[in-house]
Amino acid sequence: PPMFIGVLAFSFLSKSLSGSYTKSTITQIERRFEISSSVVGTIDGSFEMGNLLVITFVSYFGAKFHRPRIIGAGLLLMGMGTLLMALPHFLMGRYNYETVASYSKDADNFTVTSPCSSTSQNVMQQHLPGCREGEENGSPTWILVMFGNVIRGIGEATVGPLGVSFIDDFARPENSAFYIGCLHTIAVIGPLLGYSLGSICANIYVDFGFVNLDNVAITPQDSRWVGAWWLGFIVAGILSLLSAVPFWFLPRALPEAGQAVGPGAHSQQLHHSCTEEDFVPSLKRLLSNRIYILYLISHVAIFNAFVIIVTYTPKYVEQHFGQSASRANVLLGVTTIPATCVGIFLSGLIMKRFKLGMLGAARLGLLTSVAGFLCSMPYFALSCPNTDMAGITVPYQGEVEGGVLSSCNTECGCPMNQWDPVCGQNGVSYVSACYAGCNSTHGLGRNMTFHGCRCVQTWGMSDGNSSAVLGQCPRHSSCSRMFYVYLVLQALSFFFYCLGSVCTFIICLRSVQPELKSLSTGVFMLVLRVLGGIPAPIYFGALIDSTCLKWGTRRCGGRGACRMYDTQTFRFLFLGLISCLRLCGYAVFWLMVVSIKAKVQREQRATAEVELEKGVGAAVEAGALLKDSLATEKCGALKPVTESV
């Protein structure tokens, strides 16, 4: 088993790396393809759709065949799907973001018109080269990303159910939980590497090597910035292909203690039990198990919350605390993943050390889950105000009603779909230099500054202090301090929750008959994907879209990705929905613990009754023997008298 666990752990690491990297690039994909959060949530959920197509059949029928080779084939498929996700980058043109500057290929630089002029409107409204009628909906190549993610999900379906059941079949019962804990502990390194890789790629411009980076006028903090999202998929795809190789050289069965390598009696018995059971009767037996059903219901609610956390926490950190995607990914990975890793390892160690039964495991799982939930409650107190954006979050100086148009910029003729934010010296951000009423520019690229901004002057600034620079104004320093507190609390929450992860997973295996282990794992993952993994990123993405304050514009026209959110509404939706889902899940989990306790008590009473019956039977048998003995002695005493008579 240790050799198989080493190979399986490497495959878990590769699949978790590619999965976590996909989560970390959600924002980059949304901006690159100019799509909404609900659409990018569909792309993220497509992995679960692919998994859903085969998970039940692989879990049930896979146990009848060569499981290591089936896992190897799945990893090959997963690697090819991951590489396919990077393909759209090479099929699309260069990334063009919204800006008041127009690019000149002949001069290899940017030409800038006066922001506050009718010319700026013409520059923004003209169609760029290569645009044709009907292309307002943007490039459809994001479908290839979704299709690659579906293939990745199909391949991944073989790794979890077959690998874990393979270990549980051939390892000693007291070592099974420890092996699974070690497996998941090593696998947790994958997200750490995935988020680190996502941080590196998010800090590299998407078209690096093909454009002059000195002419790129945006920074990683800008809402239009797109990193090299495609690069990480190539790295993850190659790693998945390499992890598939060892499985083609592993045996069909592992040796039991004291046996030689080969399909021994245990594997033959397992194969025989599998072939005798039909799929539908087995499924019926599984779904009639009360404890297993409560286990499924509780984890569906908890998994919904978990998917929302993993998918949208980087976006929440970017929007609420004003962090860049690169910084958010690396800090989330460095703080959360080690805590998760330690929690999972200790969970397996506790199961091995104290030899907890199903009831003890359920109690520990509930206790640690509630402790993790309590650590997340202070999130609600970490409130960071939104950026002051003139006409969107705050009105212009002297204006009663909101709106991007004001008396200081009405003569500029600014296009309504413009988004090229600048930060005025008054500490207020503006949608663009045109909406700030700026009259002149100096410099090129990221060093561009705007002067003579009339809307800045209305805040009481003098002519010499009425300039603006590219980009939104930085958040208050307190937001950064709150972000560090958030990281500490999230690490503690994940640690306590994962401290009971192996305990709760063991319930899935031990609450059913031995021949239904693979099927129970497969159905468990199937239900989680149908009711959690697929819908959660889609419906929460739609909720995020409802908080958008300013939508971007696609290269050829049409609505693009959201540029600015109502962070307070976003915050209450994110934290409130997650808390409600977790509370519902823990309530059902408590009912499951009660059911397990009742089952254990029934089994103990039944055992006591059997022992009592055995005791009564032994007493009756002893009485009969004593009676026979007395009768024999009596006959022996009467024999001489009879003879004499």
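Residues numbered from 1 in each chain as written. Predicted model: local features only at pLDDT ≥ 70, side-chain atom pairs only at ≥ 80, totals over all residues. Heavy atoms only, no water.

Observations concerning the overall build of the protein chain
- In terms of helices and strands, the protein chain carries 22 helices and 9 strands.
- Every one of the 645 residues in the protein chain was classed for burial, and the buried ones make up 54%.
- In the protein chain, the proportion of contacts linking residues at least 24 apart, taken out of those at least 6 apart, comes to 80%.
- Looking at the protein chain as shown, the accessible area adds up to about 27,500 Å², and 65% of this sits on carbon and sulfur atoms. (Helix = DSSP H or I, 4+ residues; strand = E, 2+ residues; numbered from the N terminus. Buried < 20%, exposed > 50% of the residue type's maximum accessible area, 1.4 Å probe, protein only. Contact = heavy atoms within 4.5 Å. Areas by Shrake-Rupley, 256 points an atom, 1.4 Å probe, with all protein chains shown as cover.)

With respect to the nonpolar core
- Core analysis: the biggest nonpolar cluster contains 60 residues, and Tyr 292, Tyr 486, Ile 507, Phe 524, Phe 574, Met 592 and Ile 596 have the highest contact counts within it.
- By residue number, the principal contributor to this core is helix H14 (residues 290-321), which donates 15 residues.
- The residues contacting Tyr 292, other than those within four sequence positions of it, are Leu 286, Cys 508, Ser 511, Val 512, Ser 520, Val 523 and Phe 524.
- Formed by 55 residues, the second largest nonpolar core is a distinct cluster that contains Val 40, Val 226, Ala 228 and Met 448. (Core = buried A, V, L, I, M, F, W, Y, C linked by side-chain atoms within 4.5 Å.)

Things to note about the packing of helix H15 (residues 325-354) against helix H18 (residues 477-498)
- Relative orientation of the contacting elements H15 and H18 amounts to 25°, with a least axis distance of 7 Å. Classed by the angle they form, the pair H15 and H18 counts as roughly parallel. In the crossing of H15 with H18, the sense of the turn from one axis to the other is right-handed. Contacts between H15 and H18 involve Arg 327, Leu 331, Leu 332, Thr 335, Thr 336, Ala 339, Thr 340, Val 342, Gly 343, Ile 344, Leu 346 and Ser 347 from the first element and Phe 483, Tyr 484, Leu 487, Gln 490, Ala 491, Phe 494, Phe 495 and Cys 498 from the second.
- The class makeup of the residues in the contact of H15 with H18 is 13 nonpolar, 6 polar and 1 charged. (Axes fitted to C-alpha atoms, helices over the stretch in contact; angles between N-to-C directions. Parallel < 35°, antiparallel > 145°, perpendicular 65-115°, else oblique. Left-handed = near helix turned anticlockwise from the far one by under 90°. Nonpolar A, V, L, I, M, F, W, Y, C, P; charged D, E, K, R; others polar.)

Digging into the confidence of the model for the protein chain
- Here the protein chain averages 80 in pLDDT, while 82% of its residues score no lower than 70.
- Note that pLDDT drops below 50 for residues 118-127; the model gives that stretch 19 contacts with residues more than four away or on any other chain.
- Below pLDDT 50 for its whole length, residues 257-276 participates in 23 contacts with residues either more than four positions away or in separate chains. (pLDDT = per-residue confidence, 0-100.)

As for the sheet that holds strand E4 (residues 429-430)
- Here 5 strands make up an open sheet; going across it, the order is E4-E3-E7-E6-E5 and the pairing antiparallel. A strand with exactly one partner marks an edge of an open sheet, and here the two such strands are E4 and strand E5 (440-442).
- Sheet analysis places strand E3 (residues 422-424) next to E4, joined by 2 bridges and oriented antiparallel. When the sheet's bridge partners are listed, Val 422 is paired in E4 with Tyr 430. (Pairing = 2+ DSSP bridges.)

Structural notes on the pattern of salt bridges
- Tallied over the full model, the rule gives 9 salt bridges.
- The salt bridge partner of Glu 30 is Lys 315, with a shortest N-O separation of 3.0 Å. Of the two residues, Glu 30 is situated in helix H2 (residues 26-32) and Lys 315 in helix H14; the sequence distance between them amounts to 285 residues.
- Residue Glu 30 is classed as buried on the basis of its relative accessible area, which comes to 2%. (Salt bridge = Lys/Arg side-chain N within 4 Å of Asp/Glu carboxyl O.)

Observations regarding unusual backbone geometry
- A positive phi angle, near 55°, is found at Glu 34, a position not held by glycine.
- Tracing the backbone through its elements, the reader meets Glu 34 in the loop between H2 and helix H3 (37-61).
- The exposure class of Glu 34 is buried, given its relative accessible area of 7%.
- Of note, the phi angle at Lys 355 is positive, near 50°, even though the residue is not glycine.
- By the element assignment, Lys 355 lies in the loop between H15 and helix H16 (358-376).

What to know about the environment of Ile 337
- Among the structural elements, Ile 337 can be located in helix H15.
- Given the relative accessible area of 10%, Ile 337 is considered buried.
- C-alpha separation for the pair Ile 337 and Phe 495, spaced 158 residues apart in sequence, amounts to 9.0 Å.
- Residue contacts for Ile 337: discarding those within four places in its chain leaves Val 188, Pro 191, Leu 192 and Leu 332.

As for the side chain of Thr 311
- As for its position among the elements, Thr 311 is in helix H14.
- A polar contact is formed between the side chain of Thr 311 and the side chain of Lys 23, at a distance of 2.9 Å.
- Other than its neighbours up to four places away in sequence, Thr 311 contacts Lys 23, Ile 26, Asp 44 and Pro 537. (Polar contact = N/O pair within 3.5 Å; in protein donor to acceptor, adjacent residues only side chain to side chain.)

Considering the packing of aromatic side chains
- Using the criterion set out here, one finds 22 aromatic pairs in the structure.
- Residues Phe 90 and Trp 230 carry aromatic rings whose centres are separated by 5.5 Å and whose planes lie at 70° to one another, so their mutual orientation is edge-to-face. Of this pair, Phe 90 sits in helix H5 (residues 87-91) while Trp 230 is found in helix H11 (residues 229-244), placing the two residues 140 residues apart along the sequence.
- Residues Phe 483 and Tyr 484 carry aromatic rings whose centres are separated by 6.0 Å and whose planes lie at 40° to one another, so their mutual orientation is tilted.
- Overall, Phe 483 belongs to the buried group, its relative accessible area being 0%.
- Through successive ring pairs, a cluster of aromatic residues spans Tyr 312, Tyr 316, Phe 321, Tyr 379, Phe 483, Tyr 484, Tyr 486, Phe 540, Tyr 565, Phe 570 and Phe 574.
- In this arrangement the basic side chain of Arg 353 is found over the ring face of Phe 354, its NZ or CZ atom lying 5.4 Å from the centre. (Phe/Tyr/Trp six-rings, centres within 6.5 Å; stacked < 30°, edge-to-face > 60°. Lys NZ or Arg CZ within 6 Å of the ring centre and 35° of its normal.)

Here we look at a nonpolar patch on the surface
- Judged by side-chain polarity, Leu 76, Leu 77, Met 80, Val 245, Trp 248 and Phe 249 come together as a nonpolar surface patch covering roughly 580 Å² of accessible area.
- For Val 245, a relative accessible area of 43% puts it in the partly exposed group. (Patch = residues over 30% accessible without salt bridge, like charges linked within 9 Å, V, L, I, M, F, W, Y side chains within 5 Å.)

Quick word on the layout of surface pockets
- A volume near 590 Å³ is recorded for the second largest pocket.
- As for the second largest pocket, its lining consists of 32 residues, of which Gln 221, Asp 222, Gly 322, Gln 472 and Cys 473 are closest to the centre.
- Elements that contribute at least two residues to the lining of the second largest pocket include exactly H14, H18 and strand E9 (559-565). (1 Å grid on protein atoms, 1.4 Å probe; cavity = no way out; pocket = protein on both sides within 12 Å on 5 of 7 lines; lining within 4 Å. Points joined across faces, edges and corners; volume = space filled by probe spheres on them.)

Quick word on the pairing of E9
- Within E9, 6 of the 7 residues are buried, which leaves the element mostly enclosed by the surrounding structure.
- Bridging between strand E8 (residues 548-553) and E9 involves 4 bridges; their strand directions are antiparallel. When the bridges of E9 are listed, Trp 551 appears paired with Cys 562.

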